[in-house]
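Per-entry structural report
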Amino acid sequence: MPRRQVILLCIGLTAIAFAVGRYSAQLSSRIAPGSYREFVQALESRDWARRAHAMSGFVGGLGPENLGPALIAIEPHRRWLSQDELRLFMIAWTRFDPEAAFQRGLSWPDHTRSKGAAAAIYGWALQDPEAAREAAMAVDDSSLKALLLDRIVAAWAHGEDREGVTRYIASLPDSPSRDRLTAILIREILADGHGAVIEWAESIPAVNDGDMASTAFQKAAGILAQDDHGVASKFAEDHLAKPWGQNAPAAVARHWAQKDPAATLEWARSLPEGGARDQAIHTAFARWEKIQPAAAEQWLAQTPPSPELDGPRFA
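Residues numbered from 1 in each chain as written. Predicted model: local features only at pLDDT ≥ 70, side-chain atom pairs only at ≥ 80, totals over all residues. Heavy atoms only, no water.

Structural notes on the overall build of the protein
Looking only at helices and strands, the protein features 19 helices and zero strands. Taken across its 315 residues, the protein has 41% of its residues classed as buried. Of the contacts made within the protein by residues no fewer than 6 positions apart, 57% connect residues no fewer than 24 positions apart. Working note: accessible area of the protein is about 16600 Å², and carbon and sulfur atoms make up 54% of it. (Helix = DSSP H or I, 4+ residues; strand = E, 2+ residues; numbered from the N terminus. Buried < 20%, exposed > 50% of the residue type's maximum accessible area, 1.4 Å probe, protein only. Contact = heavy atoms within 4.5 Å. Areas by Shrake-Rupley, 256 points an atom, 1.4 Å probe, with all protein chains shown as cover.)

Next comes the structure, spelled out in structure tokens:
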């Protein structure tokens, strides 16, 4: 290649490299998170993607030195911040002062009080669930306290101490509240797969073979059935002979019947005779009758009489 062409090629490549570098720098400056100015501008924006990007970048560096200005920027907008945005901000705050973040949330008026306090208690519980629970129990508002405990259990289960959160739930009296917290825990465990839920449930009877074991198996069966009725039905069958597994088939039937009531009834009728099977059959048919009454009644009329169908026939 002639020397002149080589020189022109080098000049061209240099210009391209400069242009690419300049464009990359401009692009980086537009998307680089972290500045307070971008945070304030994002709070004014209706662009959700921009808000999320700028807020996550800024709160990644939130600390005592810039908390004050951040709160000044947040205050005019807190009523319109989503739960996720508040949680993002509060989790960052709770990393260095969880009690102050929680008290600030409690001090807010109207609906932002519950949103702010719940976001703060979640962040606090990610680090120290026992301290967060102690703070939540001091709240007088019973409805807010229930919400806070829900958030604590969700955060606690999200971490590594599932044994600790299970012991806490098991220590509660048998009640709708304990049932609800058990379901929250199981849904968090489900993020690790069906096997993790089954392993957790099967570990309960070894330390608590009473009401907690029954609740754990019932809730686990129902939540698994929402995700995979095949896995759930096998789980229920495997533990049908145990006292804590008696309510699992009905829990499976309740959710499976939403999708395929005829198949659910076929499965329920195939179970060994006993109260668990009768309860599952009744639950499946009642669910079918509620969502598709004509189809349910037609199925019952066309099905040969048998003892396990006496309940649905004469209900």
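There is more to say, and it comes next.
Overview of the layout of surface pockets
Leftover empty space is mapped by rolling, across the atoms, a probe with the size of a water molecule. Size it by volume and the largest pocket reaches roughly 310 Å³. If you trace the largest pocket, you find 14 residues lining it, with E163, T166, W200, S203 and I204 closest to the centre. Only α10 (162-170) and α12 (194-207) provide two or more residues apiece to the lining of the largest pocket. Element by element, the count of residues in the lining of the largest pocket is highest for α12, at six residues. Of the residues that constitute the lining of the largest pocket, the class distribution is seven nonpolar, three polar and four charged. By volume, the second largest pocket amounts to about 230 Å³. Together, L43, E44, S45, R46, W48, R51, H77, W80 and L81 line the second largest pocket. Of all the elements in the fold, those that place two or more residues in the lining of the second largest pocket are α2 (36-44) and α3 (48-59). (1 Å grid on protein atoms, 1.4 Å probe; cavity = no way out; pocket = protein on both sides within 12 Å on 5 of 7 lines; lining within 4 Å. Points joined across faces, edges and corners; volume = space filled by probe spheres on them. Nonpolar A, V, L, I, M, F, W, Y, C, P; charged D, E, K, R; others polar.)

Details of the nonpolar core
Burial of nonpolar side chains together is a common tendency in soluble globular proteins. By size, the foremost hydrophobic cluster in this structure holds 91 residues, and its most contacted members are F39, F89, F102, L148 and W200. Once residues within four sequence positions are removed from consideration, F102 is found in contact with A117, A120, I121, W124, A135, V139 and L148. (Core = buried A, V, L, I, M, F, W, Y, C linked by side-chain atoms within 4.5 Å.)

Section: the packing of aromatic side chains
In the structure shown here, the tally under the stated rule is ten aromatic pairs. Centroid distance Y36 to F39: 6.5 Å. Interplanar angle 45°. Geometry classified as tilted. Here Y36 and its partner F39 are both found in helix α2, three residues apart, which amounts to about one turn of the helix. Relative accessible area serves as the criterion here: at 0%, F39 is assigned to the buried category. (Phe/Tyr/Trp six-rings, centres within 6.5 Å; stacked < 30°, edge-to-face > 60°.)

A word on the pattern of salt bridges
Counted according to the given criterion, the structure contains ten salt bridges. For the salt bridge of K234 with D238, the shortest nitrogen-to-oxygen distance reads 2.9 Å. Here D238 and K234 lie together in helix α14 (residues 229-238), a separation of four residues that amounts to about one turn. Taking the shortest distance from any N to any O, the salt bridge between R277 and D278 comes out at 4.0 Å. Residue R277 is classed as buried on the basis of its relative accessible area, which comes to 11%. (Salt bridge = Lys/Arg side-chain N within 4 Å of Asp/Glu carboxyl O.)

Some words on helix α8 (residues 129-137)
By the burial criterion, the buried members of α8 are P129, A132, A135 and A136. Projected down its long axis, α8 carries its buried residues within an arc of 125°, all on one side. Next to the buried residues of α8 lie α6 (98-107), α7 (112-127) and α9 (142-158). (Arc of directions from axis to C-beta.)

Here's the deal with unusual backbone geometry
For D110, which is not glycine, the phi torsion reads 45° and is therefore positive. Mapped onto the secondary structure, D110 falls in the loop between α6 and α7. On the accessibility criterion, D110 (42% relative accessible area) is partly exposed.

A short note on the side chain of N66
Looking at the element boundaries, N66 is found in helix α4 (residues 64-74). Residue class for N66 comes out buried when judged on its relative accessible area of 18%. At 3.4 Å, the side chain of N66 forms a polar contact with the backbone oxygen of G61. In this structure, N66 is in contact with F58 and G61, ignoring residues within four places of it in sequence. (Polar contact = N/O pair within 3.5 Å; in protein donor to acceptor, adjacent residues only side chain to side chain.)

Quick look at the confidence of the model for the protein
The share of residues in the protein with pLDDT of 70 or more is 87%, and the mean pLDDT across the chain is 86. Counted against residues more than four places away or in other chains, residues 4-33, with its pLDDT under 50, gives nine contacts. (pLDDT = per-residue confidence, 0-100.)

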